[in-house]
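Listed here are the chains, written in short residue letters.
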Amino acid sequence: MVKSLVGAAIISVGLLGLGCFSAYYARSNLSLITVKGLSEKVVRSDIAEMSINFSNKQFENLDELSKKRISDKEKVLSFLKDHGITDDEIVNFSMDTSDYTEEKKGKSESGNIISTNKNRYFKSSDTFYIKTKQLEKIDVLKSDIVKLLSDDVFVKYDYNYRLTNFIDVKLGMMREASANARKNAEVFVEPQGVEIDDVAYLNQGEITIRAEDESEDVSSWQSKKDKSINKKLRLVVRAGFSIS
């Protein structure tokens with residue numbers, strides 16, 4: 001029993017010095033070592049999403065606004081078709097119309113700024129929503145969309161790349177991280193002449209998703225992962241092994 005406690009103390013000190021040891025104790029005939037296991041993987045997104053919005057404002061009547069937005073819609077739709085976007089990949093189209101007033105300012109005889117008139121105007125905001133598995137289509141759309149501006153269509157866009165088979169990827173990474181944890185434990189206890197036995201417990205720790213070229217210092221809310229086709233995944237597990 002005394003030898004067991006002495007051995008435990010030696011291993012504990014050695015592992016603490018290496019910075020990977022989390023917890024160790026000796027109780028009766030049971031000795032336990034806790035280590036971390038890591039898996040890192042770069043994975044390509046499998047779905048691309050894009051929204052293309054075109055808007056108009058300062059129209060004094062709805063008829064003129066309707067003519068303009070119909071013309072704009074036809075131009076945007078033609079642009080999408082020319083770039084290989086199919087009907088199935090256009091998953092939604094939304095329309096919004098509203099009115100607003102603008103005040104004209106002037107100066108009174110005393111020099112004070114006053115409101116001289118109020119005009120009522122109409123505006124619209126229409127959006128195409130695209131979803132495709134052919135990610136290269138979105139890259140081409142982003143590059144060429146400026147052409148719509150030269151065609152008198154006031155347009156703006158947003159996009160993101162998503163990983164939809166995340167669960168499958170995660171399971172594989174958990175297996176890899178678990179194997180890495182056992183390997184780490186074996187390396188650390190080998191100089192002490194002991195062996196790793198069964199897994200006492202296994203807990204998943206932090207998992208992060210970042211853009212491929214981002215560092216680990218970037219916080220999740222600052223990450224540009226949604227704009228990156230390739231995503232860097234990092235998964236950590238904490239494992240406890242009995243040793244003999």
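Caption draft 1: Spotlight on unusual backbone geometry. In the Ramachandran plot, Q58 falls in the positive-phi region, its phi being about 65 degrees despite a non-glycine side chain. With respect to the secondary-structure elements, Q58 resides in strand β3 (residues 47-59). Assessed through its relative accessible area of 45%, Q58 is described here as partly exposed.

Caption draft 2: The arrangement of the side chain of N56 in detail. When you line up the elements, N56 lands in strand β3. Here N56 falls in the buried class, since its relative accessible area comes to 9%. Polar side-chain contacts of N56 include one of 3.2 Å to the side chain of K68. Not counting residues up to four positions away in its chain, the partners in contact with N56 are L65, K68, R69, D72, K123 and S124.

Caption draft 3: Highlighting the nonpolar core. In terms of nonpolar packing, the biggest core is built from 21 residues, with M50, I52, V76, L80, I130, I138 and L141 touching the most fellow members. Of all the secondary structure elements, the ones that give two or more residues to this core are β3, α2 (62-82), β5 (113-132), α3 (135-144) and β6 (155-162). When residues in this core are grouped by element, the largest group, four residues, is from β3. Of all hydrophobic cores here, the second largest spans 17 residues; its members include I33, L163, F241 and I243.

Conventions and cut-offs
All residue numbers refer to position in the chain's written sequence, counted from 1. Totals for whole chains, interfaces and linings use every residue, but because this is a predicted model, local features are given only for residues with pLDDT of at least 70 and side-chain atom pairs only at 80 or more, for both listing and counting. Remark: hydrogens and water are excluded; side-chain values derive from all non-hydrogen atoms of the structure. In this text, helices come from DSSP runs of H or I with a minimum length of four residues, and strands from runs of E with a minimum of two, each type numbered from the N-terminal end. Working definition: with a 1.4 Å probe on protein chains only, accessible area under 20% of the residue-type maximum means buried, over 50% means exposed, and in between means partly exposed. We call two N or O atoms a polar contact when they sit within 3.5 Å, provided that within protein one can donate a hydrogen and the other can accept it, with sequence-adjacent residues counted only if both atoms are side-chain atoms. Contacts between residues were defined by any pair of non-hydrogen atoms, one from each residue, lying within 4.5 Å. Nonpolar core, defined: a set of buried Ala, Val, Leu, Ile, Met, Phe, Trp, Tyr and Cys residues in which side-chain atoms within 4.5 Å join the residues together.

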